[in-house]
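Okay, here's what each chain looks like letter by letter:
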Amino acid sequence: MQLYISPSLRHISVFPGKGFKEFIKVKVGSRRVSYRMLFYSLLFFTFLLRFAFVLTAVDTIDGEIKCSTIGCLGKRLRPGILGRRLDSNVPEVIYQILEEPMNKDELQGRSDVPQTLEDFMAEIKKSKSDAKTFAVKLREMVTLLEQRTRTAKIQEYLYRHVASSSIPKQLHCLALKLANEHSNNAAARLQLPSAELVPALVDNSYFHFVLASDNVLAASVVATSLVRNSLRPQKVVLHIITDRKTYYPMQAWFSLHPLSPAIIEVKALHHFDWFSKGKVPVLEAMEKDQRVRSQFRGGSSAIVANNTEKPQVIAAKLQALSPKYNSVMNHIRIHLPELFPSLNKVVFLDDDIVVQTDLSPLWDVDMNGKVNGAVETCRGEDTFVMSKRFKSYLNFSHPLISKNFDPNECAWAYGMNIFDLDAWRKTNISLSYHYWLEQNLKSDLSLWQLGTLPPGLIAFHGHVYVIDSFWHMLGLGYQDNTSFADAESAGVIHFNGRAKPWLEIAFPQLRPLWAKHVNFSDKFIKSCHIRASS
């Protein structure tokens, strides 16, 4: 094969040679040069120059920020082409120092640790430190800030625990004044309801609501908002269940503040025949909770003093000390079929909700034989509140939980629930509830987080009918991300969480949705200095 290049370099001709092994003959003008590899060398260097040009152009386009093209990918893969060094700009010593564990006691009493990023940068610039000193100072500053953040977080949890667990003096005052009124004023001791309305208490043509509470002010808001928003208040029957100590104040309030034409029944637990006979499961549940609380000897001070546990764990233990976990009101819903043997369907309301629409359409919901109509809490725009699944409450590292339930199954909420009592009586839900409580105690409280919802998720498993989220908006006592407009448009809003609307720690922009149902000019409210704004 022969390669001929014209003197003007305008023409290149290739002619067949005599054999594969023959040298290439290249003619330039009148001279002929025969080198076998010249042709391949020209092709190789042409390709290499073109690649170098393209790579340089791509790097220029990429700059130092974006890294999406082939040239920048080459940097990440750290090639060494044409003498280009693409090693990381971060010295290895920095990684080594930052990855070294640090004893938290090392920082105690030290005043040379930078307190802010501004102090850190000023010190580094002034001392012109090397990479190792830079990493040491950075690690000390970050560790100190982590310690302070942890301490502040735990203090916040402690203060919120104290604020949410204590009875505000205004509510204590209200209960005392109403109890005194009950003993001195016959009008505060009326039979609720009156004798002629008693048959309505077992009439299934009415809309029956159940509220369990030992908080008079909270119960009054639930009752008032329910009746105000009802299109047929004459068909509303509200069964209020309370404890022995709150019965007289509760009776006095609703005797003096009737919500006619709605029918209000006030009853203490000891007034129920079922409650006073034999072995009462709800009292057993209270005893179990007492055993749970006994696990945390030393109270909140001992819990907060623990320096090894994460703030979230400390918060959970503080929550276990809350009186609501040892309140009969917290367990009463699991015994609704026994408490109301003549009723077919009820809507159970927590005392930290506000009704904002007519709830009578809930009686038209066909639950297809299910027992519990509830809102799911794994779907919604609020990812903080509406992202709860079984794994959020149950401990799936325990074999008893993992072999019986799906961790990704959607959870649901207490607070506003439709209960088909006829369907419930055909199941073993109540027995299952107490069985799992017993299993949790045998497992050293390791099956779930404290509270009544986790055993409820288990007991009602397979018996839940999902209703539209309009009927129950949650989380108004957890965080203030919920807008006023969104909350106002919901059918029922729920102040679940520590920031109850009757406490000073309530979120101020959401509290008016609750406060508008309180008559702050009422003589009892006014005399106890209960105000619209905390």
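Residue numbers run consecutively from 1 along every chain, following the written order of its sequence. Where local features are concerned, this predicted model is filtered to residues with pLDDT of at least 70; where side-chain atom pairs are given and counted, the filter is 80 or more; whole-chain, interface and lining totals use all residues. Derived side-chain values reflect all non-hydrogen atoms in the structure, with water molecules and hydrogen atoms excluded from consideration.

### What to know about the pattern of salt bridges
Salt bridge, as used here, is a side-chain nitrogen of Lys or Arg placed within 4 Å of a carboxyl oxygen of Asp or Glu. In total, this model carries five salt bridges according to the counting rule given. Residues Glu-376 and Arg-379 are paired through a salt bridge, measuring 2.4 Å at the closest nitrogen-oxygen approach.

### A look at the environment of His-461
Secondary structure elements follow DSSP: runs of H or I no shorter than four residues count as helices, runs of E no shorter than two count as strands, and numbering proceeds from the N terminus. Looking at the secondary structure, you find His-461 in the loop between helix 17 (453-459) and strand 12 (464-466). The criterion used for residue contact is that any of the two residues' heavy atoms lie within 4.5 Å. Setting aside its immediate chain neighbours within four residues, His-461 contacts Phe-390, Phe-405 and Glu-409. Identification of polar contacts relies on pairs of N or O atoms within 3.5 Å, with a donor-acceptor requirement for protein atoms, meaning one able to donate a hydrogen and the other able to accept it, and with residues adjacent in sequence counted only if both atoms are side-chain atoms. Of the polar contacts made by the side chain of His-461, one reaches the side chain of Glu-409; its length is 2.9 Å.

### What about the side chain of His-208?
Its place among the elements puts His-208 in strand 5 (residues 207-212). Only 2.6 Å separates the side chain of His-208 from the backbone oxygen of Asp-203, close enough to count as a polar contact. Among the polar contacts listed, one links the side chain of His-208 to the side chain of His-239, at a separation of 2.9 Å.

### Digging into the confidence of the model for the protein chain
The pLDDT value expresses, per residue, how confident the predictor is, ranging between 0 and 100. Overall, the predicted model of the protein chain reaches an average pLDDT of 80, with 72% of residues at or above 70. The model gives residues 19-31 a pLDDT under 50, and that stretch makes 35 contacts with residues more than four places away or in other chains.

### Concerning the environment of Leu-343
Among the structural elements, Leu-343 can be located in the loop between helix 12 (336-339) and strand 8 (345-349). Considering only alpha carbons, one finds Leu-343 and Leu-421, 78 residues apart in sequence, at a separation of 6.9 Å. Setting aside anything within four residues of it in sequence, one finds Leu-343 in contact with Leu-201, Val-202, Asn-204, His-208, His-239, Leu-421, Asp-422 and Arg-425.

### Some points on the state of the cysteines
Throughout, disulfides are identified as pairs of cysteine sulfur atoms within 2.5 Å of each other. In the structure shown here, the tally under the stated rule is two disulfides. One disulfide bridge connects Cys-173 with Cys-528, the sulfur atoms lying 2.1 Å from each other. Disulfide Cys-173-Cys-528: the torsion about the S-S bond is -75°, which places it as left-handed. One end of the pair, Cys-173, is in helix 6 (residues 169-184); the other, Cys-528, is in the segment after helix 20 (523-527), with 355 residues separating them in the sequence. As far as burial versus exposure is concerned, Cys-173 and Cys-528 are alike and both buried. Classification of residues uses two cut-offs on accessible area relative to the type maximum, computed with a 1.4 Å probe and protein chains only: under 20% is buried, over 50% is exposed, and between them is partly exposed.

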